[in-house]
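Residues per chain, in single letters:
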Amino acid sequence: MKVAVTGSTGFVGSRLVERLLAENHQVVAFTRNVSSAERVLPKSENLEIVAYSPKEAGDWQSKIAGCDGVVNLAGEPIAENRWTPELKKTLLESRTLTTQNVVNAIAQATPKPTVLVNASAIGFYGTSETASFDENSASGQDFLAEVCRAWEAEANKVKESGTRLVILRIGIVLENGGALGKMLAPFKMFAGGPIGSGKQWFSWIHREDLVSLIIRALTSGMEGVYNATAPTPVKMAELTNTLGQVMNRPSWLPVPGFALEAMLGDGAIVVLEGQQVLPKRTLESGFEYAYPTVKQALEAILK
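Identification of the protein chain as TIGR01777 family oxidoreductase from Leptolyngbya boryana CZ1 is taken from an unreviewed UniProt entry. UniProt annotates the protein chain under Sequence similarities (unreviewed entry) with the comment "Belongs to the NAD(P)-dependent epimerase/dehydratase family. SDR39U1 subfamily."

1. Focus: the nonpolar core
Residues L16, V71, V117, L168 and I214 are the most contacted members of the largest nonpolar core, which totals 41 residues. Of all the secondary structure elements, the ones that give two or more residues to this core are β1 (2-6), α1 (13-22), β2 (26-31), β5 (115-121), α4 (143-156), β7 (164-170), α6 (207-219) and β11 (224-228). Counting residues per element, this core draws most heavily on α6, at seven residues. When neighbours within four sequence positions are excluded, L16 is seen to be in contact with V5, V71, L73, V211, I214 and I215. If you look at the next biggest cluster of nonpolar residues, it comprises 23 residues, including A230, M236, L239 and L272.

2. Digging into the packing of aromatic side chains
A complete count under the given rule lists seven aromatic pairs for this structure. Geometrically, the ring pair formed by F30 and Y52 is tilted, given 5.5 Å between the ring centres and 40 degrees between the ring planes. Linking F30 in strand β2 with Y52 in the loop between β3 (47-51) and β4 (69-72), this pair joins segments that are 22 residues apart in sequence. An angle of 20 degrees between the planes, with centres 5.5 Å apart, marks the rings of Y125 and F133 as stacked. One exposure class covers both Y125 and F133, and it is buried. Ring pairing ties together the aromatic residues F30, Y52 and W60, which thus form one cluster. In this arrangement the basic side chain of R207 is found over the ring face of F11, its NZ or CZ atom lying 5.0 Å from the centre. Of note, R281 hangs over the ring of Y226, and the distance from its end group to the ring centre comes to 4.3 Å.

3. Let's talk about the sheet that holds β5
Sheet strands line up and pair through hydrogen bonds in the backbone, either parallel or antiparallel. Taken together, seven strands build an open sheet; the order of strands is β3-β2-β1-β4-β5-β7-β11 and the sheet is parallel. Two strands lie at the open edges of the sheet, namely β3 and β11, each paired on one side alone. When the angles between neighbouring strand axes are averaged without regard to direction, this sheet yields 20 degrees. Bridge analysis of β7 against β11 gives five bridges, and the strand direction is parallel. Paired with I167 across the two strands is V225, which belongs to β11. Most of the contacts of α1 go to β1, to which it runs at about 170 degrees, and overall it touches β1, β2, β3 and β4.

4. Side note on the pairing of β4
Neither face of β4 is exposed, since G69 and V71 on one face and V70 and N72 on the opposite face are all buried. As defined by bridge partners, β1 adjoins β4 across four bridges and the pair is classed as parallel. Pairing of T6 across the sheet is with N72, part of β4. Relative to β5, β4 runs parallel, the two being bridged by four bridges. Among the inter-strand pairings, N72 is bridged to a residue of β5, identified as N118. Remark: the β4/helix α3 (residues 85-108)/β5 crossover connection has right-handed handedness.

5. Describing the UniProt feature "domain: NAD-dependent epimerase/dehydratase" (unreviewed entry) in the protein chain
Feature annotation in UniProt assigns "domain: NAD-dependent epimerase/dehydratase" (unreviewed entry) to the following positions: residues 3-227. Helix makes up 35% of residues 3-227 and strand 21%. Its end C-alpha atoms lie 22 Å apart.

Thresholds, definitions, all that
Residues numbered from 1 in each chain as written. Predicted model: local features only at pLDDT ≥ 70, side-chain atom pairs only at ≥ 80, totals over all residues. Heavy atoms only, no water. UniProt positions renumbered as here; feature names shortened; annotations may be inferred. Core = buried A, V, L, I, M, F, W, Y, C linked by side-chain atoms within 4.5 Å. Buried < 20%, exposed > 50% of the residue type's maximum accessible area, 1.4 Å probe, protein only. Helix = DSSP H or I, 4+ residues; strand = E, 2+ residues; numbered from the N terminus. Contact = heavy atoms within 4.5 Å. Phe/Tyr/Trp six-rings, centres within 6.5 Å; stacked < 30°, edge-to-face > 60°. Lys NZ or Arg CZ within 6 Å of the ring centre and 35° of its normal. Pairing = 2+ DSSP bridges. Axes fitted to C-alpha atoms, helices over the stretch in contact; angles between N-to-C directions. Right-handed = clockwise from strand over helix to strand, strands pointing away.

Shown next, in the form of C-alpha cells:
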C-alpha cells in the first residue's frame, strides 16, 4: 500500500512509519519540521517526507491523492502542561482542524484513498472508578470527552467521500518514553510509587500492539470505532507494583495528587482520574495482542 501518515515523527507515528517501511509499504510522512523528520525516520526510497501546517489548507493536501490509506495521528500532547484557556484551544484545534483538512484532501483526491484510520482517545468516555466502558458506551461530559466528540465528528465526514473509516480510541501507550518514561525516573532512584489514590483505572496498550492494530485497520475490512487498549486494564497501584517488580525496585512512595495538579492543573485529570476501557469490538474483530497483560508489556519494554 501507499500510506499517508500525519503525526509521523511522534511517539506512535515514528514507529508506525518504521513498521510500514519494513513491510514494504510506501509512506508519505507529513511533518511540521522536515529536518527533524529526516533525523527521526528511517532512510528509505519508499519514504517521502512532506512539510505541512496541519491546521491550514495547503499544497500538502494534494499528496494524499494516489494514497491507498491515510493514518491521522496529529494532535498536541494532552498532559504535558497546565491547561490554560489558550492550551485548551490548541488541544482542540490541533485535532479538529487537522482532521478537517485531511478529510477535505480525501474529498478532493483523485484517485481517493480507500481508508482513513483516525486517532481518538479513551478520554471520550469521561472518567470513573466504578464503571467500565466499551465501544458502545456513551460519551462523558468533561473537556477531554468534548475534544474527542468534536475530533470524531470531523473524521466521520470522510464517509461522504465513500472512504472506509476506522476510529481508534487510544489508551495510554506504553513503551520507553511517553507516560512510562516519566514514571521510570523515581523508580530508578528507589522512590517510586502509585500516583494519586492508586485506585484509579489505567487503560493502556503496548506501542507495538497499537501499531499492529493501525496496520490491521488499514489492510482489513475493519470499520467504525475500536478501543485501542489492552484487554486487561489495571488500577494505578497494580501498575506501579508491577513496575517495581519488573525493575526490582520498591513501590512505596506515593506521588500525591496535589503535586501533579500543581504542575499540570486540569491536565492532571489524565493521570489522577482514569477509566476502565475494554476493547470489546477489537477482540471480536479477531485482533490478537502480543502483550495482553501489563506485566508482559513492562517486561518486554524494560528487559
